[in-house]
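Architecture at a glance
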Amino acid sequence: MDLFNVYPVYPVEIEKAKGFKLWDKEGKEYTDLYGGHAVISIGHSHPHYVKRMKDQLEKLAFYSNSIEIPIQKELAKKLGEVSGYEDYNLFLCNSGAEANENALKVASFETKRSKILAYKGGFHGRTSGAVAITDNQKIIAPFNNVHDKVLVDFNDIEGTEQALKANDIAAVIIEGIQGIGGVHIPTQEFMTELSDLCKKYGTILILDEIQSGYGRSGKFFAHQHFGIKPDIITVAKGMGNGYPIGGVLINPNIEAWLGMLGTTFGGNHLACAAALAVLEVIEKEKLIENAKSLEPIQKELFSKIPGVKEVRGMGLMTALEFDFPVGPIRKKLVFEHGIFTGSASSPNVLRFLPPLNVTEKEVKLLADCLTKVIENEKIHLS
Ligand SMILES: Cc1ncc(COP(=O)(O)O)c(C=O)c1O
């Protein structure tokens, strides 16, 4: 059997990782400034993470949700404390798409409505409802194209209110910071008004913090920069530092009933141990503060790189927008300088999404290597 070929890949085999360093099978060293797609929050193979998972694995890796699983409650308590959402309830699942799909279901059950409002340029995953609410037709199969939805321009508050006025929208879903779309930050005014409008029209506000959450933006959740409190928040990626886990944080006003949601693997013992280790390291090593403190340093260094039109982002979620497509440059960074970076849906955007324990040295490394690659390429800079 061969693999179903859906991913373009670099011809590199990473065998070992530690912190923000990776090594391939020939022993060549790389620097991970992509965090395995914004997943590696506390660094690869962190000793506390490895120990907590090993200890759990030796005791019990999995038993189904038909029994008491105290480590789920321990995780909910810790996540509540670290995120500032102590009064919310947590549903555990396995991935970002699943977290959003469940969030949309909860909103629909709660409001007894079916329509979802989402924003152009957004991304919420590839399950049926989550993929249907993107504006990327290429990834929507006819099977997914049956959901009741409306797509509005990002930051368009008039368009949002126009759609909400019909009183038939179950939920508005929005990323804390648009990630794959190219790191676009909503405006303060838009977020405040959006939160007010959702309350006015009885619509559930879902903040997709799957990429922008877990400290990446310099606060635990990106929406906390705007002082709003959504009804539902979805998390995944950095939550397990590579071990698959997702979660839905739900306002206590929304009542659960037995059978409303379900999952086989969600909230298993090993996944909860991984997620607890992540929160403990984030707190102990002050990784959110680190993400915040590197923001101005990046802005200064990255904006001096030749051909950079704009540096956007918060904390360690950053986009560098160039005058030209960055695919060949990202490839040279990997093969000539051993640096992994991220792409975005716009071909001119390179994303910097490193583990949250990087330092000024890695920011400088990327700035220097990008400058070298661009100068050597003799790219025509307009
Ligand atoms: C904002 C956002 N939401 C949802 C998802 C989907 O997460 P997953 O791939 O874990 O299903 C992603 C993945 O990139 C994402 O960036």
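On a predicted model such as this, the values are computed, not experimentally measured, just so you know.

A few words now on unusual backbone geometry. The phi dihedral of Ser45 falls on the positive side, at around 45°, and the residue is not glycine. Counting through the fold element by element, Ser45 comes out in the loop between helix H1 (35-38) and helix H2 (47-59).

Here a ring pair, both rings aromatic, is described through the centre-centre distance and the interplanar angle of the planes. Enumeration according to the criterion identifies 12 aromatic pairs in this entry. Ring centres of Phe322 and Phe324 lie 5.3 Å apart, and the angle between their planes is 35°; this geometry places the pair in the tilted category. The burial state of Phe322 is the same as that of Phe324; both residues are buried. Every member of this aromatic cluster is reached through a ring pair, and the members are Tyr85, Tyr88, Tyr214, Phe220 and Phe221.

Here we take up the pattern of salt bridges. Per the stated rule, a full pass over the model turns up 20 salt bridges. Of the charged contacts in the structure, one is a salt bridge between Lys21 and Glu29, with a shortest N-O distance of 3.4 Å. The partly exposed category is assigned to Glu29, whose relative accessible area is 41%. Note that Lys78 and Glu283 form a salt bridge whose closest N and O atoms lie 2.7 Å from each other. Of the two residues, Lys78 sits in helix H3 (residues 70-83) while Glu283 sits in helix H8 (residues 269-284), which places them 205 residues apart along the sequence. Residue Lys78 is classed as buried on the basis of its relative accessible area, which comes to 17%.

Here helix H9 (residues 287-303) crosses helix H11 (residues 360-377) at 20°, and the two axes come no closer than 10 Å. Taken together, the axes of H9 and H11 lie roughly parallel to each other. Crossing handedness for the pair H9 and H11: right-handed. Of the residues in H11, those in contact with Leu294, Ile297, Gln298, Leu301 and Phe302 of H9 are Glu360, Val363, Lys364, Leu366 and Ala367. A breakdown of the residues in the contact of H9 with H11 according to their chemical character gives seven nonpolar, one polar and two charged.

Turning our eyes to something else, we now look at the sheet that holds strand S7 (residues 169-175). Working definition: the strands of a sheet are paired by backbone hydrogen bonds and lie parallel or antiparallel to each other. Reading across from one edge, S4-S10-S9-S8-S7-S5-S6 is the order of the seven strands in this open sheet, with mixed pairing throughout. Every other strand in the sheet has two partners, leaving strand S4 (89-93) and strand S6 (149-152) as the edge strands with one partner each. Along the sheet, successive strands turn relative to each other by an average axial angle of 20°, direction set aside. Both strand S5 (residues 115-119) and S6 contribute to a ladder of four bridges, which runs parallel. Bridge pairing links Leu117 to Val150 in S6.

A few words on H3. Relative to the 20 Å expected for 14 residues at 1.5 Å per residue, H3 spans 20 Å between its end C-alpha atoms, a close match to the ideal helical length. Every buried residue belonging to H3 is among Ile71, Leu75, Lys78, Leu79, Gly80, Val82 and Ser83, and all of these are buried. Tucked into the core, H3 has its buried residues touching H2, S4, strand S10 (246-250) and H8. Of the residues flanking the end of H3, it is Gly84, one or two places downstream, whose phi is positive at about 85°.

Cut-offs used in this document
Residues numbered from 1 in each chain as written. Predicted model: local features only at pLDDT ≥ 70, side-chain atom pairs only at ≥ 80, totals over all residues. Heavy atoms only, no water. Helix = DSSP H or I, 4+ residues; strand = E, 2+ residues; numbered from the N terminus. Phe/Tyr/Trp six-rings, centres within 6.5 Å; stacked < 30°, edge-to-face > 60°. Buried < 20%, exposed > 50% of the residue type's maximum accessible area, 1.4 Å probe, protein only. Salt bridge = Lys/Arg side-chain N within 4 Å of Asp/Glu carboxyl O. Axes fitted to C-alpha atoms, helices over the stretch in contact; angles between N-to-C directions. Parallel < 35°, antiparallel > 145°, perpendicular 65-115°, else oblique. Left-handed = near helix turned anticlockwise from the far one by under 90°. Contact = heavy atoms within 4.5 Å. Nonpolar A, V, L, I, M, F, W, Y, C, P; charged D, E, K, R; others polar. Pairing = 2+ DSSP bridges. Expected span 1.5 Å × (residues − 1).

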